[in-house]
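# Structural overview
Now for the letters of each chain:
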Amino acid sequence: MASENIIAALDIGTTKICALVGEMDEEGRIYVIGHGLASADGLRRGVVVDMEKAVKSITRAIEDAQLVSGTEIDSVTVGIAGEHIRSINSHGVVAVSRSDNEITTGDVKRAIEAAKTVAIPVDREIIHVIPQQFSVDDQSGIKDPVGMSGVRLEVEAHIVTASVTTAKNIYRALERCHLDVDHVVLEGLALSHALLAEAESEIGVIVVDIGGDITNLAVFYDGAIRHTGVVSLGEKNVTNDIAIGLRTALKHAEELKQTYGAALASLVDPEEMIPVPAADGTVGKEVSRHVLASIIEPRTEEILSLVIREIKRANIGDLLAGGLILTGGGSLLPGTVELAEQLFDMPVKLGQLTNIDHTPDELQDGRFTAAHGLLIYGFQNEPHQTGHRGQVKSLLKRFENWISKQF
Ligand SMILES: Nc1ncnc2c1ncn2[C@@H]1O[C@H](COP(=O)(O)OP(=O)(O)OP(=O)(O)O)[C@@H](O)[C@H]1O
Ligand SMILES: [Mg+2]
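Residues numbered from 1 in each chain as written. Chains lettered and ligands numbered in written order. Predicted model: local features only at pLDDT ≥ 70, side-chain atom pairs only at ≥ 80, totals over all residues. Heavy atoms only, no water.

Along its length, the protein carries eleven helices and 20 strands. Over its C-alpha atoms the protein spans a radius of gyration of 23 Å, differing by no more than 12% from the 22 Å that the globule rule assigns to 407 residues. For the C-alpha atoms alone, the extent of the protein along its principal axes is close to 80 × 65 × 40 Å. Taking all 407 residues of the protein together, the buried fraction comes to 53%. When contacts within the protein are restricted to residue pairs at least 6 apart in sequence, long-range pairs at least 24 apart make up 68% of them. As displayed, the protein offers around 18500 Å² of accessible surface, 50% of which is attributable to carbon and sulfur atoms. Counting 36 positive and 58 negative side-chain charges, the protein places the averaged centre of each group 6 Å from the other. (Helix = DSSP H or I, 4+ residues; strand = E, 2+ residues; numbered from the N terminus. Rg over C-alpha atoms; globule rule 2.2 N^0.38 Å. Buried < 20%, exposed > 50% of the residue type's maximum accessible area, 1.4 Å probe, protein only. Contact = heavy atoms within 4.5 Å. Areas by Shrake-Rupley, 256 points an atom, 1.4 Å probe, with all protein chains shown as cover. Lys, Arg positive; Asp, Glu negative; His and termini not counted. Charge placed at Lys NZ, Arg CZ, Asp CG, Glu CD.)

Laid out in structure tokens, this is it:
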């Protein structure tokens, strides 16, 4: 625990905030050593709408994670998502600088800078510039051009931007919680770190995260992220439909969905009856489980159809031989995979956490994929030599430091 190789991740979702503390051992294995959860009060669709409440929610999640892990969190890798995110594919070209034509890391950096010079409106800030492939003179499809020889270096890059105001409000909320930011990471990108084997991102996959207010999607092929998008519907819309359809309170609708719900009505026994509390909580009527599923199915179908529309719009359907990977709270509903299989002309499976060696059982479902991905991203994008990290200090280490200062 005295290791400095400990970092924290913060997933600010539309329903819940999840803080994770992870430790990496010498072999690069990652263990989740603490977590904290809080409901996402003060946030709507990933945007801060009430600063005081947002600060309280984040603080609660962070404090719990500190307590469980016995660490003090000073900084986090934070996720960003929502309708304010835009992504474009861009192109940069530079002349190779060395007289012997050997390509250096400096050339690569300049090419990426050139790709960034696309017109970005002043109200947007760049979150990621992700190189997809390089070309050297007329040879394309190069992953790492450093050390190769050529006169012209080109890069294809995926550029992700966020609304400046929205991003600033997230930074401000973190500042108010006394947290520095290690990285700001697009949630869709984080998901890939937690779910995808390298081979899958090579052959082409789409990851779909059905959350509370929104559904995030990210497309990978040839080993890089190619497209990201957001559908403005999620599981809260499903719960709303249940509350209206069965004339009950949202709280009861949510419970019914989680206990008896299914996304495909044909999977459910029409004879099975379930109790529906009246809106005031008193004993209400009974309805068949089939009726509940018949409310859930069309809304889930709508969400998935909007994902299909996005894939069609981006013209990438033919490139996704690896199929679709489902995650997020919506993936917990039985029948979602089967429904998606009917709608998409490709294989569908539930996401399984990868690249994490240990995490508590209660964090292993789709709601926590993004948080784990942020943690992995944080580890992969920090220098692994100790001495630089230490934003999350073990209390033991702090105590040692304090002792050494006293004497
Ligand atoms: N067992 C379950 N069955 C069905 N739905 C569930 C279950 N558990 C949670 N959900 C739904 O999942 C939703 C929350 O999902 P998730 O935790 O992935 O969202 P989030 O990360 O807060 O939001 P987002 O990713 O959209 O920002 C809730 O609206 C809830 O209704
Ligand atoms: Mg989420």
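A few words on the site of ligand 1. The immediate surroundings of ligand 1 are formed by 19 residues, with Thr14, Thr15, Lys16, Glu254 and Lys257 found nearest. One nitrogen or oxygen atom from the main chain of Thr14 is found 2.8 Å from an oxygen atom belonging to ligand 1. At a separation of 2.6 Å, an oxygen atom of ligand 1 approaches a polar side-chain atom of Thr15. Across the complex, the protein chains shield 92% of the 650 Å² of accessible surface that ligand 1 would expose by itself. Among the secondary structure elements, those contributing two or more residues to the shell around ligand 1 are helix 6 (235-245) and helix 7 (250-260). For the shell around ligand 1, the leading source of residues is helix 7, giving three residues. (Near = heavy atom within 4 Å. Polar contact = N/O pair within 3.5 Å; in protein donor to acceptor, adjacent residues only side chain to side chain.)

Here we come to the sheet that holds strand 2 (residues 16-24). Adjacent strands of a sheet pair through backbone hydrogen bonds, lying either parallel or antiparallel. Ordered in space as 3-2-1-7-12, the five strands form an open sheet in which the pairing is mixed. In this open sheet, the two strands that pair with only one neighbour each are strand 3 (30-39) and strand 12 (180-186). Ignoring strand direction, the axes of neighbouring strands in this sheet form an average angle of 20°. The strands that helix 4 (residues 187-195) touches are strand 1 (6-12), strand 7 (75-80) and strand 12; relative to strand 12, the one it contacts most, it runs at about 85°. (Pairing = 2+ DSSP bridges. Axes fitted to C-alpha atoms, helices over the stretch in contact; angles between N-to-C directions.)

Contact geometry for helix 4 and helix 10 (residues 369-380): axes closest at 7 Å, N-to-C directions at 85°. With respect to helix 10, the element helix 4 is oriented roughly perpendicular. Residues Glu187, Leu189, Ala190, Leu191, His193, Ala194 and Leu195 of helix 4 pack against Thr369, Ala370, His372, Gly373, Leu374, Ile376, Tyr377 and Gln380 of helix 10. Of the residues that constitute the contact of helix 4 with helix 10, the class distribution is nine nonpolar, five polar and one charged. (Parallel < 35°, antiparallel > 145°, perpendicular 65-115°, else oblique. Nonpolar A, V, L, I, M, F, W, Y, C, P; charged D, E, K, R; others polar.)

Turning our eyes to something else, we now look at the nonpolar core. Counting residues in each nonpolar core, the largest one holds 64 residues, and the members touching the most others are Leu10, Ile58 and Val76. By residue number, the principal contributor to this core is helix 10, which donates seven residues. Counting residues domain by domain, this core receives three or more from each of domain 1 (86-163) and domain 2 (198-351). Within the second largest apolar cluster, 38 residues are counted, among which are Leu233, Leu246, Val287 and Leu326. (Core = buried A, V, L, I, M, F, W, Y, C linked by side-chain atoms within 4.5 Å. Domains from an automatic or database assignment.)

Even without a glycine there, the phi angle at Asp222 is positive, about 50°. As for its placement among the helices and strands, Asp222 is situated in the loop between strand 14 (215-221) and strand 15 (224-231). Accessibility expressed as a relative area gives 42% for Asp222, which makes it partly exposed. The phi angle at Asn315 is positive, at roughly 60°, despite the residue not being glycine.

Split by domain assignment, the protein resolves into domain 1 (86-163) and domain 2 (198-351). Computed over C-alpha atoms, the centres of domain 1 and domain 2 are 37 Å apart. Summed over both sides, the interface between domain 1 and domain 2 buries roughly 540 Å², with carbon and sulfur atoms accounting for 43% of that surface. Of all residues in domain 1, the largest losses of buried area upon contact with domain 2 belong to Gln132, Lys143 and His158, amounting jointly to 64% of the total for that side. The tally of links from domain 1 across to domain 2 stands at one salt bridge. (Buried area = accessible area lost by both parts, 1.4 Å probe. Salt bridge = Lys/Arg side-chain N within 4 Å of Asp/Glu carboxyl O.)

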